[in-house]
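Commentary on secondary and tertiary structure
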Protein chains: 2
Amino acid sequence: MTVVPPTAATLPVTVDVVALTVRDDTLQVLLVERAVEPHRGALALPGGFVLPGEDLVTAAARELAEETGVTPPGHLEQLRTYGPLGRDPRGPVLSVAYLLVAPHFGVVEAGSDAAAAGWHPVAAVLPADGEGAGAARLAFDHARILADGVERTRSKLEYSALATAFCADEFTVTDLRRVYEAVWGVRLDPRNFSRKATGTPGLLRETGRTTSGGTGRPAALYRAARPVVRAGGLADAAADVTALLNPPLLRPAP
Amino acid sequence: MTVVPPTAATLPVTVDVVALTVRDDTLQVLLVERAVEPHRGALALPGGFVLPGEDLVTAAARELAEETGVTPPGHLEQLRTYGPLGRDPRGPVLSVAYLLVAPHFGVVEAGSDAAAAGWHPVAAVLPADGEGAGAARLAFDHARILADGVERTRSKLEYSALATAFCADEFTVTDLRRVYEAVWGVRLDPRNFSRKATGTPGLLRETGRTTSGGTGRPAALYRAARPVVRAGGLADAAADVTALLNPPLLRPAP
DNA sequence: TCAAAAGTGTTGAATGTACACCCATGG
DNA sequence: CCATGGGTGTACATTCAACACTTTTGA
């Protein structure tokens, strides 16, 4: 069935998932503690080898479920591919990284190959450049993969509706603002943000409902204007959550 | 040496290169005519199988040189990864696509596995949506890969200094504007563009020299403010040509 | 002197930013 | 009534967009 030139290499391929959420106004990443060598005991991104006949997205969802008990409830997109040389002591391994952005989802529990699974503030795992050794080292080149995923997320908040993928089904403008503030690490003016968010086409869809029960005036509830899709087939066609926003919500200049 | 779980698949891996340039005020892509099955005779992106012990960028440069005689003179960055299922009649194949952006470079000549190699206007190969069958079909899923590469390029012109990678070592503001016009397919006001380009930090570096010989007033010559780097190691650290521009050069609204 | 291309000035519109102020609810 | 958070009005600054106009060259 598989016929390739005799000179071609075939490589073991893994998928790794950078699963991000905002909890307690903090950007957090889902990590596992490795239960097997190499890097046994170290923190790592959930992931593992692609099985025969399996597609990449399938493998990413399977590994995530196996190791953390989480079924992708949010936006899954390919991040980039790493390797194959110099990243695994066992030899050449190609790794395709995925970015999962989701509202804070339910219980995580350690599964196969993982001694533990849980959320960690990105700031505690990735030392912001300038500071010394931030915290526990991640296995393999996962620190770099995580950094790439966070950077991609920060950029995409400006130019796409990705921030809505961090929010639950229905959410307020304040919920959305807290996502921007947590991911960018800045404070935004609630009043101007509200106008900008509601005035940007393709970001919010009104529901007509409002919050209730909290203190203060009830807030209008919105849904994401663009569907949060699983990366997979040729999903780029329709205007999904990654489509360019016009005008963008630019980060305040430093 | 290579030790992977017995259940893991190993996959044949190819690299494909979307090489773009601007020639005759038109965005063009480097294509080869396949000399071997499958898809013999069809147009395809240059590319091929990764060899044992080889890294991805190395393989991309090698295949490009072998099939087209071109040595990457410009900006090479990873585009994304496709597959492994449903894209090659021979079976599962993973393909890592690269984007090469370069000034119009020298002679191209067909090499191994290629009956011909040459530049083709993107518009002639990728039918703009809305029109029917645009032109010759590309082999495999290369039409989609090309579309992704073009889309990425269009976006990156807005938010990074990537346009300078289309230009020769020294270039004028008009040269740069023609890149934007060709890639976006729009006309830009030369006077406002000039102000915007020279006023955007991180885009241009003055040389003090000017053009001469042409008709009209000589134009100031610039160099790219940010180095055009080969994708490869951890090259993202320094502010290279892909670093975010602030403020961006936004496309005119449709 | 003229044509051509480069580059600057200017003006009204649109957008961003800071903050005063009003609105709607729970206690 | 007050405290609290949601949301609008407004004024000023900045940027954008269109285009008149000046500059500098070759013919």
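Residues numbered from 1 in each chain as written. Chains lettered and ligands numbered in written order. Predicted model: local features only at pLDDT ≥ 70, side-chain atom pairs only at ≥ 80, totals over all residues. Heavy atoms only, no water.

The name given to chain A in an unreviewed UniProt entry is Bifunctional NMN adenylyltransferase/Nudix hydrolase, and the organism recorded there is Isoptericola dokdonensis DS-3.

Moving on: the pattern of salt bridges. For side chains bearing opposite charge, pairing can occur when the charged atoms are close. Residues and elements named next belong to chain A. Across all of its chains, the model carries 32 salt bridges over all chains by this definition. Note that Arg152 is salt-bridged to Glu77, the shortest N-O span being 3.1 Å. Taken together, the residues Arg152 in helix H3 (residues 142-159) and Glu77 in strand E5 (residues 75-82) connect sequence positions 75 residues apart. Its relative accessible area of 27% is what places Arg152 among the partly exposed residues. For Asp88, the salt bridge goes to Arg90, with nearest N and O atoms at 2.7 Å. On the accessibility criterion, Asp88 (10% relative accessible area) is buried. Within this structure, Glu54, Arg62, Glu63 and Glu66 form a network of salt bridges that share partners. (Salt bridge = Lys/Arg side-chain N within 4 Å of Asp/Glu carboxyl O. Helix = DSSP H or I, 4+ residues; strand = E, 2+ residues; numbered from the N terminus. Buried < 20%, exposed > 50% of the residue type's maximum accessible area, 1.4 Å probe, protein only.)

Consecutive side chains of a regular strand alternate in pointing toward one face of the sheet and then the other. All names here are of chain B. Of all the 8 residues making up strand E5 (residues 75-82), 7 are buried; the element is thus mostly covered by neighbouring parts of the structure. Summarising the sheet, E5 and strand E6 (residues 94-101) pair through 7 bridges and their orientation is antiparallel. Residue His75 lies in a different strand from E6, and its bridge partner there is Val101. (Pairing = 2+ DSSP bridges.)

Before going further, it helps to examine the protein's contact with DNA strand D. Inspection of the region around DNA strand D gives 18 residues, with Thr174, Arg195, Gly216 and Arg217 of chain A together with Asn192 of chain B positioned closest. Within 4 Å of the protein, atoms of DNA strand D come from sugar and phosphate in 46% of cases. For DNA strand D, a base nitrogen lies 2.7 Å from a polar atom in the side chain of Asn192 of chain B. At a separation of 3.1 Å, a base oxygen of DNA strand D approaches a polar side-chain atom of Arg217 of chain B. For the surface near DNA strand D, the secondary-structure elements that each account for two or more residues are helix H5 (190-199) of chain A together with helix H5 (190-199) of chain B. Here the surface near DNA strand D gets 4 residues from one element, more than from any other, and that element is H5 of chain B. Partitioned by chemical class, the residues of the surface near DNA strand D number 4 nonpolar, 6 polar and 8 charged. (Near = heavy atom within 4 Å. Polar contact = N/O pair within 3.5 Å; in protein donor to acceptor, adjacent residues only side chain to side chain. Nonpolar A, V, L, I, M, F, W, Y, C, P; charged D, E, K, R; others polar.)

Let us now look at helix H3 (residues 142-159) of chain B. With 18 residues, H3 of chain B extends 26 Å from end C-alpha to end C-alpha; this agrees with the ideal 26 Å at 1.5 Å per step. All buried positions along H3 of chain B are accounted for by His142, Arg144, Ile145, Leu146, Asp148, Gly149, Val150, Thr153, Ser155, Leu157, Glu158 and Tyr159 of chain B. (Expected span 1.5 Å × (residues − 1).)

Quick look at the packing of aromatic side chains now. Inspection of every chain in the model, using the stated rule, returns 5 aromatic pairs over all chains. Look at Tyr159 of chain A and Tyr159 of chain B: their rings are 3.5 Å apart centre to centre, the planes differ by 25°, and that puts the pair in the stacked class. Remark: Tyr159 of chain B occurs in helix H3 and Tyr159 of chain A occurs in helix H3; the pair is interchain, linking two chains. Looking at Tyr159 of chain B, the relative accessible area reads 7%, which means it is buried. Aromatic pair Tyr180 of chain A and Trp184 of chain A: ring centres 5.0 Å apart, planes at 70°, arrangement edge-to-face. Residue Tyr180 of chain A and its partner Trp184 of chain A are both found in helix H4 (residues 173-184); the two are separated by 4 residues, about one turn of the helix. Residue Tyr180 of chain A is classed as buried on the basis of its relative accessible area, which comes to 0%. On the accessibility criterion, Trp184 of chain A (11% relative accessible area) is buried. Among the aromatic residues, those joined into a cluster by ring pairs are Tyr180, Trp184 and Phe193 of chain A. The ring of Tyr82 of chain A has Arg80 of chain A sitting right over it, with the charged end atom 5.2 Å from the ring centre. (Phe/Tyr/Trp six-rings, centres within 6.5 Å; stacked < 30°, edge-to-face > 60°. Lys NZ or Arg CZ within 6 Å of the ring centre and 35° of its normal.)

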